[in-house]
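Here is how the chains run, residue by residue.
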Amino acid sequence: VEDMVLYRDSRFFSSFPSILTLKNGDLCLFFRRARDVRRILPSPLPEKFHYLRTDLDHVDSRSEISMIRYNSGLTPYGKVEGLPVNIEAGDQDPSLIELEDGTIIMASFSWFPFSAEFMEPVGAYRNPMLGNPEKPCTLYIFWGSYTRYSNNSAKTWTEHNYLPVIPDFPPIIPYRRPYHGGPVRGSMVECNNEVLLPTYTTQHSDCRLTCVQE
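Rules and cut-offs
Residues numbered from 1 in each chain as written. Predicted model: local features only at pLDDT ≥ 70, side-chain atom pairs only at ≥ 80, totals over all residues. Heavy atoms only, no water. Helix = DSSP H or I, 4+ residues; strand = E, 2+ residues; numbered from the N terminus. Buried < 20%, exposed > 50% of the residue type's maximum accessible area, 1.4 Å probe, protein only. Pairing = 2+ DSSP bridges. Contact = heavy atoms within 4.5 Å. Polar contact = N/O pair within 3.5 Å; in protein donor to acceptor, adjacent residues only side chain to side chain. Salt bridge = Lys/Arg side-chain N within 4 Å of Asp/Glu carboxyl O.

J.: Looking at this model, I keep getting lost on the environment of Glu134. Mind explaining?
T.: Within the secondary structure layout, Glu134 lies in the loop between β8 (129-130) and β9 (138-150). Taking relative accessible area as the criterion, Glu134 reaches 74% and is therefore assigned exposed. Distance in space between the C-alpha atoms of Glu134 and Met119 is 9.7 Å, their sequence separation being 15 residues.

J.: How should the sheet that holds strand β4 (residues 81-82) be read in this particular structure?
T.: Each strand in a sheet pairs with its neighbour through backbone hydrogen bonds, running either in the same direction (parallel) or in the opposite one (antiparallel). Taking strand neighbours across the sheet as the criterion, the four strands line up as β1-β2-β3-β4 in an open arrangement whose pairing is antiparallel. Of all strands in the sheet, those bounded by a partner on one side alone are β1 (12-21) and β4. Where strand β2 (residues 27-35) meets strand β3 (residues 64-70), seven bridges bridge the pair, whose relative direction is antiparallel. Bridge pairing in β3 places Phe31 opposite Ser66.

J.: Help me understand the environment of Ile68 in this model?
T.: Checked against the element boundaries, Ile68 lands in strand β3. A residue is classified by how much of its surface remains accessible, and Ile68, at 4% relative accessible area, is buried. C-alpha separation for the pair Ile68 and Leu196, spaced 128 residues apart in sequence, amounts to 25 Å. Apart from the residues lying within four places of it in its own chain, the contact partners of Ile68 are Leu6, Tyr7, Leu27, Cys28, Leu29, Phe31, Pro76, Gly78 and Val80.

J.: Just to check I follow, could you spell out the side chain of Asp93 for this structure?
T.: Note that Asp93 resides in the loop between β5 (90-91) and β6 (95-98). Within polar-contact distance, the side chain of Asp93 engages the side chain of Arg185 at 2.9 Å. Residues in contact with Asp93, not counting those within four places in the same chain, are Phe16, Arg32, Ala107, Ser108, Phe109 and Arg185.

J.: Which parts of the structure should I look at to understand the pattern of salt bridges?
T.: For side chains of opposite charge, pairing can occur when their charged atoms come near one another. Scanning the model with the defined rule gives six salt bridges in all. Ionic pairing is found between Arg35 and Asp60, a salt bridge with its closest N-O pair at 3.2 Å. On the criterion of sequence distance, the pair formed by Arg35 in strand β2 and Asp60 in the loop between β2 and β3 is long-range, its members being 25 residues apart. You can call Arg35 partly exposed: its relative accessible area is 44%. Looking at Asp60, the relative accessible area reads 14%, which means it is buried. Salt-bridge contacts for Asp36 lead to Arg38; the nearest nitrogen and oxygen are separated by 2.8 Å. Linked through salt bridges whose partners overlap, the residues forming this network are Arg32, Asp93 and Arg185.

J.: Looking at this model, I keep getting lost on the environment of Tyr200. Mind explaining?
T.: Along the chain, Tyr200 falls in the segment after β12 (194-196). Of the residues examined, Tyr200 reaches a relative accessible area of 44% and is grouped as partly exposed. Separated by 17 residues in the primary sequence, Tyr200 and Pro183 have C-alpha atoms spaced 5.7 Å apart. Not counting chain neighbours up to four residues away, the residues in contact with Tyr200 comprise Gly182, Pro183 and Arg185.

So this is what it looks like as structure tokens:
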């Protein structure tokens, strides 16, 4: 067994990879990519700011799904490709599957960024959020899970198709944004002409504001 670094770029913080082996033998590495703001820190860095070297946010307003295509010998065909971005929110961890008919499905989810100044009124929605309201920073509210499809070996993709609304579940924003599924976790499975997609969320009775410091 040999460890290999398939992708690294000091400009970005890349995480949550998903590797898909296509029927033609090619491998596609998908991952979430976001800015690594630590690259703007001065050098040498004053000691009182050393903590910033490990200060990474769990989410980013400009996070996107990226992909690199390799042949069976793990030689890349070209540079990293960014999938068309979500115009509203930051895309998160990708999960991939290629169906028997060659259709590729990617599942993921999004976090909607907003200023900490909006925290008090937005907190009334009682939906999961991320960030630290005590800092003048960006906070995030869960924006829903979605799928995208490709019928040409991951060369082009459909728009974001948000999952069906969870019945009898509190909306993300009342009368404006229903709760489109929960965050995606795990691998999809094709079974008896159906695709099973694992997601998670809170119970209806437990739905509450969960703001955490990252």
